[in-house]
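Descriptive structure summary
What follows is each chain in one-letter form.
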Amino acid sequence: GGWNVGRVYGWNVGRVYGWNVGWLKCWKSVWLECWKSLWLECWKSLSMKEWDIPYDELKLFEVIGAGRFGTVYRGSWHGAVAVKLLHVHSLSDHCAQLDTFKHEVATFRKTRHENLVLFMGACMKPPRLAIVTSLCKGMTLYTHIHLRKDKFTANKSVIVAQQISQGMGYLHARGILHKDLKTKNIFLENGKVVITDFGLFSVTKLCFSNNARGDSLGIPPGWLCYLAPELVRALRPHASLHLPFSKCTDVYAFGTVWYELLCGEYPFKGQPPEAIIWQVGKGVKPSLANMQASRDIKDILMLCWSYRSSERPDFPHLLSTLEKLPRKRLARSPSHPVHLSRSADS
Ligand code: ADP
Ligand code: MG
């Protein structure tokens, strides 16, 4: 209701206020105040409207995945896009939840960074709630590491980790927590890292709580090993909305991504959720026994996984540590004349 009123009156108020300022002065101050607040409301709704994509303008093609909170489609809106359509059967009648959605959408608008997916807009008219972003080409780190079993050399892992730190450092500097940093939300496009789904967690959880999947605790598979001890300790069945996320919990999750890059598997691999919860909650870290990496590389991991959140580094610090790591010189192999083929192309 309120949304439409703002939209309909937007222009009229603008005209009256803009063209007849002298005339307005004659009015009593009460009226002036009324106009002012109305104008402010309209300005607010107009500035939101810029990101409001009419649902009819979106073309949806095939489903590319079903996540926790909805379905992701390959779509078209002035070119290829990814459309995350939220399951909203019960969301629509809760104003507070709709407000959460709008608030989260408002935070995406503030993001412009090479390593973050491009937010293009949202459909915000219930029951049609959707988020439109650029379509990521390439594959997620999850697909590379866990499905294709691609091996990342230490050098490549460092380059990827640097880009993740850059994107995450930017988000944190803007006051945005990712809350769901994981290899499934990191794409690799021709060697460039693109992080997706930042700040979406509250929305995802709103829907997830109505549509519980996962085990008895409502824990989706593969999620647990990204959770910092303070989050694990706060876990309650089907009540993950009020978890104490922070910049430090994002750094912990980054540690897990770093582990996956280097080891090619999840930490605590093969252990049941209860065992992981017990260990992480107590401060037991996964074994690094089968990790073949230098001391410096393991130190980064241990710092990110610090039990006390205050001991975890922030992303700018991580970035400078990663930049200082000694790089192994790539041996030039005559059987792989990479440089030659490149120069032949250009
Ligand atoms: P999850 O991240 O847990 O896999 P999502 O709902 O975020 O769940 O994504 C579902 C699927 O859609 C995943 O396979 C993901 O790779 C794909 N996907 C999500 N966002 C994009 C995007 N912007 N471009 C291309 N594919 C995407
Ligand atoms: Mg995702």
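Here we summarise the structure given alongside this text. (Residues numbered from 1 in each chain as written. Chains lettered and ligands numbered in written order. Predicted model: local features only at pLDDT ≥ 70, side-chain atom pairs only at ≥ 80, totals over all residues. Heavy atoms only, no water.)

Quick look at the coordination of the magnesium ion (ligand 2)
- Taken together, the protein ligands of the magnesium ion (ligand 2) are Asn185 (OD1) and Asp197 (OD), with distances of 1.9 to 2.0 Å. In this pair, Asn185 sits in the loop between α6 (154–173) and β7 (186–189) while Asp197 sits in the loop between β8 (192–195) and α7 (201–210), placing the two residues twelve residues apart along the sequence. With respect to burial, Asn185 and Asp197 carry one shared label: buried. (Donors = N, O, S within 2.8 Å, 3.2 Å for Na, K, Ca; no water. Helix = DSSP H or I, 4+ residues; strand = E, 2+ residues; numbered from the N terminus. Buried < 20%, exposed > 50% of the residue type's maximum accessible area, 1.4 Å probe, protein only.)

Here we look at the site of ligand 1
- Around ligand 1, a shell composed of 16 residues is seen, among which Lys84, Cys136, Lys182, Asn185 and Asp197 lie nearest.
- In this structure, Thr133 approaches ligand 1 through a side-chain N or O atom, which is 3.3 Å from a nitrogen atom.
- Contacts to ligand 1 include Asn185, whose side-chain N or O atom sits 2.8 Å from an oxygen atom.
- The protein chains hide 84% of the 540 Å² of surface that ligand 1 would expose on its own.
- For the shell around ligand 1, the secondary-structure elements that each account for two or more residues are β1 (59–66), β3 (80–86) and β5 (128–134).
- Here the residues of the shell around ligand 1 are counted per class, giving six nonpolar, six polar and four charged. (Near = heavy atom within 4 Å. Polar contact = N/O pair within 3.5 Å; in protein donor to acceptor, adjacent residues only side chain to side chain. Areas by Shrake-Rupley, 256 points an atom, 1.4 Å probe, with all protein chains shown as cover. Nonpolar A, V, L, I, M, F, W, Y, C, P; charged D, E, K, R; others polar.)

Some words on the state of the cysteines
- Going through the model one piece at a time under the given rule, you end up with zero disulfides.
- The thiol of Cys136 is unpaired, and the distance to the nearest cysteine sulfur, on Cys123, comes to 18 Å.
- For Cys136, a relative accessible area of 16% gives the class buried.
- Here Cys263 stays unpaired: no disulfide links it, and the sulfur of Cys225, its closest cysteine neighbor, is 12 Å away. (Disulfide = S-S within 2.5 Å.)

So, the packing of α6 against helix α9 (residues 247–263)
- Between α6 and α9, the shortest axis-to-axis distance is 11 Å and the interhelical angle comes to 165°. Taken together, the axes of α6 and α9 are roughly antiparallel relative to one another. Classified by chirality, the crossing of α9 by α6 is right-handed. Judged by residue contacts, Ser157, Val158, Val160, Ala161, Ile164, Ser165, Met168 and His172 of α6 engage Lys247, Asp250, Phe254, Val257, Trp258, Leu261 and Leu262 from α9.
- Taken together, the residues of the contact of α6 with α9 sort by class into ten nonpolar, three polar and two charged. (Axes fitted to C-alpha atoms, helices over the stretch in contact; angles between N-to-C directions. Parallel < 35°, antiparallel > 145°, perpendicular 65-115°, else oblique. Left-handed = near helix turned anticlockwise from the far one by under 90°. Contact = heavy atoms within 4.5 Å.)

Points about the packing of aromatic side chains
- Here the structure, examined in full by the defined rule, presents six aromatic pairs.
- Judged by centre distance (6.2 Å) and plane angle (35°), the ring pair of Tyr252 and Trp305 falls under tilted. With Tyr252 in helix α9 and Trp305 in the loop between α11 (295–304) and α12 (315–324), the pair connects residues that are 53 residues apart, well separated along the chain. Judged on exposure class, the residue Tyr252 and its partner Trp305 are both buried.
- With a centroid separation of 5.6 Å and an interplanar angle of 90°, the aromatic rings of Phe254 and Phe315 are classed as edge-to-face. In this pair, Phe254 sits in helix α9 while Phe315 sits in helix α12, placing the two residues 61 residues apart along the sequence. Neither Phe254 nor Phe315 differs from the other in exposure class; each is buried. (Phe/Tyr/Trp six-rings, centres within 6.5 Å; stacked < 30°, edge-to-face > 60°.)

Brief notes about the side chain of Glu260
- With respect to the helices and strands, the residue Glu260 is situated in helix α9.
- Although Glu260 is buried, it makes no salt bridge; Lys184 carries the closest opposite charge, 9.3 Å away.
- Here His146 takes part through its side chain, which lies 2.6 Å from a polar atom of the side chain of Glu260.
- Discounting chain neighbours no more than four positions away, the residues touching Glu260 are Ile145, His146, Thr183, Tyr226, Glu265 and Tyr266. (Lys, Arg positive; Asp, Glu negative; His and termini not counted. Salt bridge = Lys/Arg side-chain N within 4 Å of Asp/Glu carboxyl O.)

None of this, on its own, says anything about what the molecule does.
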